[in-house]
Amino acid sequence: MLFTLGSLFALFEGYEKLRHPHQIESPAWAFGALLVALALESWSLRTAVHEADKVRAGQSWWAFIRRSKSPELPVVLLEDVGALLGLACALVGVSLAVVTGQSRFDAVGSIAIGLLLGVIAVTLGTEMRSLLIGEAASQAQVAAIRAALLDGPVVRRLIHLRTLQLGPDELLVGAKVEFDPALTVIEAAQAIDEAERRVRAKVPSARVIYLEPDCYRPGAQVEPASTPDA
């Protein structure tokens with residue numbers, strides 16, 4: 001809502017300036033405010049980048065924003081980058097308006113800021129929506145969970161696996177697993193406990209795990225307990 005309303009306001013301001021152009025009354029104050037804002041936003045972005053580097057784990061910035069399970073850092077990063085780009089557009093628009101005497105350049109700068117905020121609003125909305133309605137674990141985490149489940153000597157097949165991100169550091173894992181049919185009830189329970197320990201050792205955020213012993217049915221899509229290369 002913050003970025004959407006900001007986008008609409010900037011677009012409206014740009015539209016009004018195009019319809020009713022007027023000269024900038026105090027260019028010095030405009031430049032001063034923009035330069036101070038650029039300095040403050042640059043410092044804010046530096047801090048956000050420093051904090052994000054601690055958890056980015058070698059991902060590209062776009063991948064980090066797309067795959068992060070903690071919404072606060074992507075929001076701050078996009079806000080700071082958007083603010084810097086918007087201030088740059090405003091600075092260019094005001095500069096051209098002062099140099100050429102054409103105030104319409106200031107209006108174009110406002111419209112550019114509105115479009116930029118709109119893009120950020122759509123990006124943030126898309127990413128935050130996936131976290132709100134439920135997002136699966138990353139491919140690397142799913143692969144690690146699958147390998148941990150299949151690692152037990154009594155595990156014959158992984159029949160079904162689903163994951164759900166409950167929070168930034170909490171993952172739900174649900175799976176149907178086929179065990180050796182010769183196991184007793186107690187041995188099957190012990191095998192399930194051991195499988196859960198293996199999963200948590202590989203993926204510490206997998207705090208909630210539900211494993212259901214099941215039987216393989218021909219035609220069902222399964223994960224083999226081992227591969228030819230294993």
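Refer to the structure printed above.
These remarks concern the structure in this document. (Residues numbered from 1 in each chain as written. Predicted model: local features only at pLDDT ≥ 70, side-chain atom pairs only at ≥ 80, totals over all residues. Heavy atoms only, no water.)

1. Things to note about helix α4 (residues 72-100)
One turn of an α-helix holds 3.6 residues; hence residues three or four places apart share an orientation.
Part 1 of the argument: End to end, α4 covers 42 Å across 29 residues, agreeing with the expected 42 Å (1.5 Å per residue, within 8%).
Part 2 of the argument: Among the residues trailing α4, G101 stands out with phi positive, at a value near 80 degrees. (Helix = DSSP H or I, 4+ residues; strand = E, 2+ residues; numbered from the N terminus. Expected span 1.5 Å × (residues − 1).)

2. Describing the packing of helix α6 (residues 139-150) against helix α7 (residues 185-202)
How two helices pack is summed up by the angle between their axes together with the distance between the axes.
Part 1 of the argument: In the contact formed by α6 and α7, the axes pass within 8 Å of each other and the chain directions differ by 150 degrees. α6 and α7 meet at a crossing whose hand is right-handed. Contact with α6, carried on its side by A144, I145, A148 and L149, involves A195, R198, V199 and K202 of α7 and no other residues of that element.
Part 2 of the argument: By residue class, the composition of the contact of α6 with α7 is six nonpolar, no polar and two charged. (Axes fitted to C-alpha atoms, helices over the stretch in contact; angles between N-to-C directions. Left-handed = near helix turned anticlockwise from the far one by under 90°. Contact = heavy atoms within 4.5 Å. Nonpolar A, V, L, I, M, F, W, Y, C, P; charged D, E, K, R; others polar.)

3. Here we look at the layout of surface pockets
Part 1 of the argument: Its volume calculated, the largest pocket comes out at about 540 Å³.
Part 2 of the argument: Lining the largest pocket are 19 residues, and of these V55, Q59, R67, S68 and K69 lie nearest its centre.
Part 3 of the argument: Of all the elements in the fold, those that place two or more residues in the lining of the largest pocket are α2 (27-56), α3 (61-67), α4 and α6.
Part 4 of the argument: Tallied by class, residues from the lining of the largest pocket come to six nonpolar, eight polar and five charged.
Part 5 of the argument: Taken as a whole, the second largest pocket encloses approximately 320 Å³ of empty space.
Part 6 of the argument: Only α1 (2-19), α4 and α5 (104-133) provide two or more residues apiece to the lining of the second largest pocket.
Part 7 of the argument: Among the elements that take part in the lining of the second largest pocket, α5 stands out by supplying five residues, more than any other.
Part 8 of the argument: Here the lining of the second largest pocket is built from residues that sort into nine nonpolar, five polar and four charged. (1 Å grid on protein atoms, 1.4 Å probe; cavity = no way out; pocket = protein on both sides within 12 Å on 5 of 7 lines; lining within 4 Å. Points joined across faces, edges and corners; volume = space filled by probe spheres on them.)

Just distances and angles here, no functional claims.
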